[in-house]
Each structure stands twice: as structure tokens, then as C-alpha cells.
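As a plain string of letters, each chain reads:
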Amino acid sequence: MRVKLVAGNWKMNGDLASNQTLLNAVLSAAASFSAMKCAVCAPFPYLSQVQQLLHGSGIAWGAQDVCQFENGAYTGGVSAPMLKDFGCHYVIVGHSERRAIFGESDEIVAVKFEAALKAGLTPILCVGETLTEREAGITEKIVARQLDAVTSRCGVKALGKAVIAYEPVWAIGTGKTATTEQAQAVHAFIRSRIAADDAAVASMVLIIYGGSVKAANSAQLFGMSDIDGGLIGGASLVADEFSAICRAAQPAA
Ligand code: 13P
């Protein structure tokens, strides 16, 4: 039985005052979603604040990126052991914004994934196709390539210590959610591809969906058999929305 995960990805948003207001509001709603896993992934400078506010609560936290190197002369880099130092449980790797805007290749993403695991973090590995790729009918090929880059470097068992987030690029921040059927089909494809190598890992790995998830569409998405929760962008900045999405991930009573 997979316990669902809802993780907020704040992206490059927030400040000390608004983070505090947001987290206090989410914390006061947290008793209503205590049977699922909830996390927030904050910008690096706020990890200390998030750690202080969430420490001892049931809500985990993480970062949105990690440097592939462990320490040394890498100006501007933030390493996985540093994230661990701030109590991070999760780190997002391979978000499409990192891939597209910052030029991260499949290979770099795989090295970051490996660095995160080595430090004891749980990587949230993002995969997903662009609109052009979907229209060309190569969604599965793209997602398989992104997954395979990680498994060929780290082995399929490593996925058992990670979370996979399917985020169709065309659904991110656009208000266009994949239909539940479109999302379920890709999630099932990802699970079956992993199952071909390791059925036990496939049955336990969380595969969460991201792309314009809102309170209004979350219950339907999370009701699909291979959708184990969500990676939430814009709606994670609104306490009531985010809390309602977390409630939608609670197991049916
Ligand atoms: P939105 O929920 O704003 O579409 O963002 C999704 C996302 O990219 C989460 O990582």
C-alpha cells in the first residue's frame, strides 16, 4: 500500500514574511491531512527558516535542486550534504525548468540523483515531455530516456529510494492539466517500465503528478491507480489550496 505524497515546489517565490504566514496556515490545517505525506521544497536561502518552522511537525521539507559535486571549488553550488545539514528529506532533480532554462542534460540529472542518494536524501526525479514531443507521439520515448539515464547510472533499485514526478511540460504553470486518463497512462507506462527490471521496486515507488494541480482537480487525479500524489507549483503558495490538495491525498475513510 503506497502512502500518497503531496510536495509543494515553491520555485523562486517567497520571502521571510510570506513564508511564515504560509507555513503557519498549512501547519494549522495539518491535523486534517495526517494520513498522507506532505512536504515543501523551498529556495535555498529559506531552508533554515523552513527547518525552524516545520521541525517536529509531520511536514517534511526539501530543496529544488542540488549541485552534482560534494564540496570544493564550485562557486554558487549547494551540495547534497549541505541540504542534509538543514534537515532536508527531499530534493527535486531534473525539473523541466532546470533542464530547459539551465541546460541540465539527462546525464547531469543522473549525477545529481546519485549525489542526493549518497547524502541520504530522497530525490524527486522529474520527467515529462514537451507539447511538441506529445504531438509527435513520442511521450513514452522521452520519459523512458529520462528514466533510463538514471537507472543506467544508479541501477533500478535506486528508484526504490526515490520519488518519480511525471510533469508534462505543457501542463506546468499553464492552467492546462493533463486529463486524468492522460496522466494515468504515462504513470502506468513508467511503472511497467520499472517492473520489467524489478517488480518489487515498481510496486512500491511513488509516482506523483505535476502540472496545474489545484484543489479542484486533485481528488480526481489522485483517484487513479498509478497516481500517488502530486508535485504542486502555483497552488502550493496558497495555504488553503495546498491544504485542500493534501486532504485529497488522504486515504478514503
Ligand atoms: P504548477 O502547479 O504551477 O503548474 O507547477 C507544476 C510544477 O512545475 C511543480 O514542480
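Structural data are supplied above this passage.
Note that the structure is predicted; figures quoted are calculated from it, not measured.

A.B. asks: Could you give an account of the side chain of D198, with specific residues and numbers?
C.D. replies: As for its placement among the helices and strands, D198 is situated in the loop between α8 (180–197) and α9 (199–204). In this structure D198 touches V156 and K157, once residues within four positions along its chain are discounted.

A.B. asks: Account for the pattern of salt bridges, naming residues and giving values.
C.D. replies: In the structure shown here, the tally under the stated rule is 15 salt bridges. The salt bridge involving D226 is made with R191; its shortest N-O contact spans 2.6 Å. Linking D226 in the loop between α10 (215–222) and β8 (229–232) with R191 in helix α8, this pair joins segments that are 35 residues apart in sequence. In terms of burial, D226 and R191 fall into one category: buried.

A.B. asks: Provide a residue-level description of unusual backbone geometry, including the pertinent values.
C.D. replies: Phi at K11 is positive, roughly 55°, even though this residue is not glycine. Relative to the assigned elements, K11 resides in the loop between β1 (5–9) and α1 (16–29). In the Ramachandran plot, S212 falls in the positive-phi region, its phi being about 55° despite a non-glycine side chain. With respect to the secondary-structure elements, S212 resides in the loop between β7 (206–210) and α10. The buried category is assigned to S212, whose relative accessible area is 10%.

What counts, and at which threshold
- Residues numbered from 1 in each chain as written.
- Predicted model: local features only at pLDDT ≥ 70, side-chain atom pairs only at ≥ 80, totals over all residues.
- Heavy atoms only, no water.
- Helix = DSSP H or I, 4+ residues; strand = E, 2+ residues; numbered from the N terminus.
- Contact = heavy atoms within 4.5 Å.
- Salt bridge = Lys/Arg side-chain N within 4 Å of Asp/Glu carboxyl O.
- Buried < 20%, exposed > 50% of the residue type's maximum accessible area, 1.4 Å probe, protein only.

Note that all results are geometric; they support no functional claim without further evidence.
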